[in-house]
Amino acid sequence: MSTAALSGLLDYLYGTLSPNSMRWVGEHLIEHAKEEEAKRAHPFTMDEIDAMLDEAEAAFEAGDYLTNDEVFLHNRK
């Protein structure tokens, strides 16, 4: 999102929210940002990678996957 759009959003929030509501929104945004950063910064362990591979292999064996054509058609919608 551009700086201008973010500034416009802030101006809107300043004009419409009470101080308590601003604090509530701010705290929730900060908490969500911390959770997202933790997900990105956390390297997977070999056990986690193995578990993901096992899950993917089981899904594939069960026929739970998309073909190339299905993927390309899905992206065009």
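Residues numbered from 1 in each chain as written. Predicted model: local features only at pLDDT ≥ 70, side-chain atom pairs only at ≥ 80, totals over all residues. Heavy atoms only, no water.

Peer 1: Where do I start with the overall build of the chain in this structure?
Peer 2: Helices and strands together make up the secondary structure of the chain, namely four helices and zero strands. When its helices and strands are written in sequence order, the chain yields α-α-α-α. Every one of the 77 residues in the chain was classed for burial, and the buried ones make up 0%. A total of about 7200 Å² of accessible surface is found on the chain, and carbon and sulfur atoms cover 60% of it. A distance of 12 Å separates the average location of the 6 positive side-chain charges in the chain from that of its 16 negative side-chain charges. (Helix = DSSP H or I, 4+ residues; strand = E, 2+ residues; numbered from the N terminus. Buried < 20%, exposed > 50% of the residue type's maximum accessible area, 1.4 Å probe, protein only. Areas by Shrake-Rupley, 256 points an atom, 1.4 Å probe, with all protein chains shown as cover. Lys, Arg positive; Asp, Glu negative; His and termini not counted. Charge placed at Lys NZ, Arg CZ, Asp CG, Glu CD.)

Peer 1: I tried to follow the pattern of salt bridges on my own but got confused; where do I start?
Peer 2: For the structure on display, the rule yields one salt bridge. Among the salt bridges present, the one from K39 reaches E36, with a minimum N-O distance of 3.3 Å. One end of the pair, K39, and the other, E36, are both in helix α2 (residues 19-41), three residues apart, so they sit about a helical turn from each other. Among the residues examined, K39 registers a relative accessible area of 59% and is labelled exposed. (Salt bridge = Lys/Arg side-chain N within 4 Å of Asp/Glu carboxyl O.)

Peer 1: I tried to follow the environment of D47 on my own but got confused; where do I start?
Peer 2: Looking at the element boundaries, D47 is found in helix α3 (residues 46-61). In this structure the C-alpha to C-alpha distance between D47 and L10, which are 37 residues apart in sequence, comes to 43 Å.

Peer 1: Before we go on, may I ask you to explain a nonpolar patch on the surface in this structure?
Peer 2: A contiguous nonpolar patch, built from M1, L6, L9 and Y12 and spanning about 480 Å² of accessible area, is present on the exposed surface. Here L9 is to be found in helix α1 (residues 3-16). (Patch = residues over 30% accessible without salt bridge, like charges linked within 9 Å, V, L, I, M, F, W, Y side chains within 5 Å.)

Peer 1: Which parts of the structure should I look at to understand a negative patch on the surface?
Peer 2: Taken together, D47, E48, D50, D54, E57 and E61 make up a surface patch of like negative charges. Judged by its relative accessible area of 47%, E57 is partly exposed.

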